[in-house]
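Each chain, written out:
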Amino acid sequence: MRRMLVACSLVVFLAGFAWSVLGKEEQLKNGERLVVRLAPRDPRAFLLGDYMALNYAINREVDKALFDCYTDGEDPRMTWSDRKKSLKKLPKDGVAVVRLDADQAVSFVRLDDGSPLGNDERRLHFRVSARGANIAASAFYFQEGFAEDFANAKYGELRVNAEGKSLLAHLLDDKLARIQPQKAKPDAALPAPTH
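It should be emphasised that the depicted structure is a prediction, and the values quoted were computed from it without experimental measurement.

With respect to the overall build of the protein
Secondary structure summary: the protein contains 5 helices and 10 strands in total. A total of 195 residues make up the protein; the buried ones form 33% of that total. Here the analysis covers contacts within the protein between residues at least 6 apart in sequence; of these, 58% occur between residues at least 24 apart. Element-wise, carbon and sulfur atoms account for 56% of the exposed surface of the protein, whose accessible area totals about 13,100 Å².

And the structure:
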């Protein structure tokens, strides 16, 4: 009986996991494309092995709006101990309203208050942590040896579903073109055999 219970639990878990993966694949394929500008990063922490630490320019604007709304306008650049106390007043997540330009690039408009959206406006979900608001993944993973290809990334391409939840799909250059790493790196090639 116990084995049957364990087997059934495992089947339910795996089915739920597969359903989640299929949902994310569908969102990456058919979600609305939004382009967000990457914010300046600490060059020492930008490329860390096989992933890149990310920050988005819009995060600062969402962060400021949250502090204005929930903490009587306290400065979000306050000391760490003051900020830690103020973060307790903020919601753990929320929705921002963003405006699209002709390239699908977004700019922050306001925190979502439930009012109707304009034709060029969209909802974008965010989470709040000790580092502040974040609209998408804070890291982009890539194959080892391809750091140079992604070093000049200026934008992130998000795929957003109807609820405003986003997935980071690609990194883009300054012309909004997807960064496509080279197929094979010269330094990754195997040495020629010696006879």
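Still more ground to cover, so stick around.
A word on the confidence of the model for the protein
Summary statistics for the protein give a mean pLDDT of 79 and a share of 76% for residues scoring 70 or more. Considering only residues more than four positions removed or in separate chains, one finds that residues 186-195, a stretch of pLDDT under 50, has 0 contacts.

Remarks on the nonpolar core
Ranked by internal contacts, the top residues of the largest apolar core, which has 34 residues, are Y56, V62, F126, I135 and L171. Elements with a contribution of two residues or more to this core: β1 (32-37), α3 (57-70), β4 (93-100), β5 (106-111), β6 (121-129), β9 (155-160) and β10 (166-172). At 5 residues, α3 tops the list of elements feeding residues into this core. Those residues in contact with I135 that sit more than four places away from it in its chain are V36, Y56, I58, N59, L124, H125, F126, L158 and S166.

A few points about α3
In this model α3 runs 21 Å from its N-terminal to its C-terminal C-alpha over 14 residues, within 8% of the 20 Å that 1.5 Å per residue would give. Taken residue by residue, α3 has A57, I58, N59, V62, D63, A65, L66 and F67 as its buried positions.

A word on the sheet that holds β10
Pairing in this open sheet of 3 strands is antiparallel, and the strands run β1-β9-β10 from one edge to the other. Looking at which strands have only one partner, the edges of the open sheet turn out to be β1 and β10. On average, each strand axis in the sheet is tilted by 30° relative to the strand beside it, whichever way the strands run.

Observations regarding the sheet that holds strand β7 (residues 132-134)
Consider a sheet: its strands pair through backbone hydrogen bonds, and that pairing is either parallel or antiparallel. The strand order across the open sheet formed by 4 strands is β5-β4-β6-β7, and the pairing between neighbours is antiparallel. At either end of the open sheet lies a strand with only one pairing partner, and these are β5 and β7. Strand-to-strand twist of the sheet, defined as the mean angle between neighbouring strand axes without regard to direction, takes the value 45°. Note: β4 against β6, 7 bridges, orientation antiparallel. When the bridges of β6 are listed, D93 appears paired with R127. Sitting on the sheet, α3 touches β4, β5, β6 and β7, and the angle it makes with β5 is about 10°.

Observations regarding the pattern of salt bridges
For the structure shown, the criterion picks out 11 salt bridges. When the shortest N-O distance is used, the salt bridge between D120 and R99 registers 3.3 Å. Remark: R99 occurs in strand β4 and D120 occurs in the loop between β5 and β6; sequence separation between them is 21 residues. Of the residues examined, D120 reaches a relative accessible area of 32% and is grouped as partly exposed. Look at R99 and you get partly exposed, because its relative accessible area is 33%. Residue D112 pairs with R123 through a salt bridge whose shortest N-O separation is 2.8 Å. In this pair, D112 sits in the loop between β5 and β6 while R123 sits in strand β6, placing the two residues 11 residues apart along the sequence. A residue is classified by how much of its surface remains accessible, and D112, at 27% relative accessible area, is partly exposed.

What to know about a nonpolar patch on the surface
A cluster of nonpolar side chains, namely L10, F13 and L14, defines an oily patch on the protein surface of about 320 Å² accessible area. The topology assignment puts L10 in helix α1 (residues 2-30). Here L10 falls in the partly exposed class, since its relative accessible area comes to 48%.

Let's talk about the environment of R37
Within the fold, R37 resides in strand β1. Since its relative accessible area comes to 45%, R37 is described here as partly exposed. Once you skip the residues sitting within four places of it in the chain, R37 turns out to touch N55, Y56, A57, K154 and Y155. Only 2.6 Å separates the side chain of R37 from the side chain of Y155, close enough to count as a polar contact.

The rules behind each value
Position numbers for residues count from 1 along each chain, tracking the sequence in the order it is written. Totals for whole chains, interfaces and linings use all residues, but because this is a predicted model, local features are given only for residues with pLDDT of at least 70 and pairs of side-chain atoms are given and counted only at 80 or more. The side-chain quantities take in all heavy atoms of the structure and omit both hydrogens and water. Where helices and strands are cited, they refer to DSSP runs of H or I of at least four residues and of E of at least two residues respectively, numbered from the N terminus. A simple rule labels every residue: compare its accessible area, found with a 1.4 Å probe on the protein chains alone, to the largest value its type can have, and call it buried under 20%, exposed over 50%, or partly exposed in between. Here, two residues are considered to be in contact whenever any of their heavy atoms come within 4.5 Å of each other. Per-residue and other accessible areas were derived by the Shrake-Rupley procedure at a 1.4 Å probe size, with only the shown protein chains allowed to occlude residues. pLDDT runs from 0 to 100 and stands for how confident the predictor is about each residue. To qualify as a nonpolar core, a set must consist of buried Ala, Val, Leu, Ile, Met, Phe, Trp, Tyr and Cys residues joined through side-chain atoms within 4.5 Å. Under the convention used throughout, the expected extent of a helix is 1.5 Å for every residue step, that is, one less than its residue count. Two strands qualify as a pair provided DSSP detects at least 2 bridges between them. Here, axes are lines fitted to C-alpha atoms. For helices the fit covers the stretch in contact, and angles between N-to-C directions go from 0 to 180 degrees. What makes a salt bridge here is a side-chain nitrogen of Lys or Arg within 4 Å of a carboxyl oxygen of Asp or Glu, nothing more. Patches were defined on residues exceeding 30% relative accessible area and lacking a salt bridge, with like-charge contacts within 9 Å and nonpolar side-chain contacts (Val, Leu, Ile, Met, Phe, Trp, Tyr) within 5 Å. Two N or O atoms count as a polar contact when they lie within 3.5 Å, although within protein this holds only if one can serve as hydrogen donor and the other as acceptor, and sequence-adjacent residues are included solely when both atoms are side-chain atoms.

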